Amino acid sequence: MRHAVILTGLTLLAAALPAQQAAPEEVSLKVVNYDQLAETVRQLRGKVVVVDLWEDT
Amino acid sequence: MPHLVQMHKKYADKGLAVITVAVDDPRNEKTKASLTNFLKRVNATFSNFILDEKEAVWQKKFGIEGIPYIFVFNREGKYKRFEAGDIDEELANVEKLVVEWLKARASERSKGQAQVEIKPVTRAGLEQEIERHKGKVVLLNYWALF
C-alpha cells in the first residue's frame, strides 16, 4: 500500500515543467508545492531525471 | 551537490535533467539566501526548488521519513530511490543507474521507436497544460475513435 502511495505520488511527479525544458542559464531557487514539483517532473518525461531532496539546516 | 553538478554537465546533452528540492522553510529568508548562495557557489545551473509543504506532508507524499534522498526517473517515468546515507557511495550508484537508463534510450532510438503517451486529464489539468504554452499559438484537437 505504501509503495502504491509512493508510486502514485511519484507518477504525478512525472508530470510537470516543460518536457524538453532547458536548464536555466543562471542559478535560481523557486518555491513550489508538491503538485507543482510533480508536474515539473512529469513534463520531463523522455529524459532521465535525478531529483535530489536535501536541506540546508 | 557538486557531484550532481558534474553529473549534469557530463550527461545533460545525452538526456539527463537534474532537479534539487530543498525541504527547508520557504518563509525563512535567511535560509533561502543561504540555499541560493550555496547553489551559486557550486554553479547548480539546473532547476532548484524549495518545497512549500509541511514536513509531515512531503514525508507522506514521498514515502520517506527524512533526507537526503535521491530519486532517479527513467524516460518512461519509472523511478528508483536512493537513501543517501553514505553520500559518496550512493552517488556512484546513482550515476551508474543514470548511465544505464540513458543508454536504454539510445538503443530504443536505434530501433526508430517513437515515445507516445496518452493520459487522462481533468478540465483543470487541460487548462493548466494550455497555460504552460502561453506565448505560443496552440492547436487543440478534440478527437475520438468512432
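Note: the structure precedes this text.
Structural notes, computed from the coordinates. This is a predicted model, so every value here is computed, not measured. (Residues numbered from 1 in each chain as written. Chains lettered and ligands numbered in written order. Predicted model: local features only at pLDDT ≥ 70, side-chain atom pairs only at ≥ 80, totals over all residues. Heavy atoms only, no water.)

### With respect to the pattern of salt bridges
1) Next: Applying the stated rule across the entire model yields 9 salt bridges over all chains.
2) Next: Note that Lys10(B) is salt-bridged to Glu95(B), the shortest N-O span being 3.1 Å. Within this pair, whereas Lys10(B) is found in helix 1 (residues 2-11), its partner Glu95(B) is found in helix 4 (residues 87-110), the two being separated by 85 residues in sequence.
3) Next: Residue classification places Glu95(B) among the buried positions, given a relative accessible area of 15%.
4) Next: A salt bridge links Glu29(B) to Lys32(B), with the nearest nitrogen and oxygen atoms 3.8 Å apart. Remark: Lys32(B) and Glu29(B) occur in helix 2 (residues 29-41); sequence separation between them is 3 residues, near one turn of the helix.
5) Next: Salt bridges here are not isolated pairs; linked through shared partners, they connect Glu39(A), Arg42(A) and Glu129(B). (Salt bridge = Lys/Arg side-chain N within 4 Å of Asp/Glu carboxyl O. Helix = DSSP H or I, 4+ residues; strand = E, 2+ residues; numbered from the N terminus. Buried < 20%, exposed > 50% of the residue type's maximum accessible area, 1.4 Å probe, protein only.)

### Focus: the packing of aromatic side chains
The geometry of an aromatic ring pair is captured by the separation of the ring centres together with the interplanar angle, meaning the angle of the planes.
1) Next: Tallied over the full model, the rule gives 6 aromatic pairs over all chains.
2) Next: Aromatic side chains Phe73(B) and Tyr79(B) sit 5.6 Å apart centroid to centroid with 45° between the ring planes, which places their arrangement in the tilted category.
3) Next: Counting every residue linked through ring pairs, the aromatic cluster contains Tyr34(A), Phe62(B), Tyr69(B), Phe71(B), Phe73(B) and Tyr79(B). (Phe/Tyr/Trp six-rings, centres within 6.5 Å; stacked < 30°, edge-to-face > 60°.)

### Side note on the pairing of strand 2 (residues 47-51) of chain B
1) Next: The buried count for strand 2 of chain B comes to 5 of 5 residues, which makes it a mostly enclosed element.
2) Next: Burial along strand 2 of chain B is two-sided: Ser47(B), Phe49(B) and Leu51(B) facing one way and Asn48(B) and Ile50(B) facing the other are all buried.
3) Next: Where strand 1 (residues 30-32) of chain A lies against strand 2 of chain B, 3 bridges are found, and the strand directions are parallel. Along strand 2 of chain B, the bridge assignment pairs Val32(A) with Leu51(B).
4) Next: Here 4 bridges tie strand 1 (residues 16-22) of chain B to strand 2 of chain B, and the two strands are oriented parallel to one another. Each bridged residue has a counterpart across the sheet, and for Thr20(B) the counterpart in strand 2 of chain B is Asn48(B). (Pairing = 2+ DSSP bridges.)

### Things to note about helix 2 of chain B
1) Next: Taking 1.5 Å per residue as the helical rise, helix 2 of chain B with its 13 residues ought to reach 18 Å, and the 18 Å between its terminal C-alpha atoms agrees with that figure.
2) Next: Those residues of helix 2 of chain B that are buried are in contact with strand 2 (48-54) of chain A together with strand 1 and strand 2 of chain B.
3) Next: Where helix 2 of chain B begins, the side chain of Asn28(B) points an oxygen toward the backbone nitrogen of Lys30(B), at a separation of 3.0 Å.
4) Next: At the C-terminal side of helix 2 of chain B, Asn43(B) shows a positive phi close to 60°. (Expected span 1.5 Å × (residues − 1). Contact = heavy atoms within 4.5 Å. Polar contact = N/O pair within 3.5 Å; in protein donor to acceptor, adjacent residues only side chain to side chain.)

### Overview of the nonpolar core
1) Next: By size, the foremost hydrophobic cluster in this structure holds 27 residues, and its most contacted members are Val50(A), Leu16(B), Val72(B), Val94(B) and Val98(B).
2) Next: Counting only elements with at least two residues in this core, the list comes to strand 2 of chain A together with helix 1, strand 1, helix 2, strand 3 (69-73) and helix 4 of chain B.
3) Next: With 6 residues, helix 4 of chain B is the single largest residue contributor to this core.
4) Next: In this structure Val94(B) touches Val50(A), Met7(B), Ile70(B), Val72(B) and Phe82(B), once residues within four positions along its chain are discounted. (Core = buried A, V, L, I, M, F, W, Y, C linked by side-chain atoms within 4.5 Å.)

### Concerning the pairing of strand 1 of chain B
Look at any regular strand and the pattern is simple: side chains alternate between the two faces of the sheet.
1) Next: Most of strand 1 of chain B sits out of view: 7 of its 7 residues are buried.
2) Next: Of the two faces of strand 1 of chain B, the one carrying Leu16(B), Val18(B), Thr20(B) and Ala22(B) and the one carrying Ala17(B), Ile19(B) and Val21(B) are both buried.
3) Next: Here strand 2 of chain A runs beside strand 1 of chain B; their pairing, made up of 7 bridges, is parallel. Bridge assignment links Asp52(A) to a residue of strand 1 of chain B, and that residue is Thr20(B).
4) Next: The parallel pair strand 1 of chain B and strand 2 of chain B is bridged by helix 2 of chain B, and the resulting crossover is right-handed. (Right-handed = clockwise from strand over helix to strand, strands pointing away.)

### Examining unusual backbone geometry
Residues and elements named next belong to chain B.
1) Next: Positive phi, close to 60°, is recorded for Asn-43, a residue that is not glycine.
2) Next: Secondary-structure assignment places Asn-43 in the loop between helix 2 and strand 2.
3) Next: Exposure remark for Asn-43: the relative accessible area of 36% places this residue in the partly exposed category.

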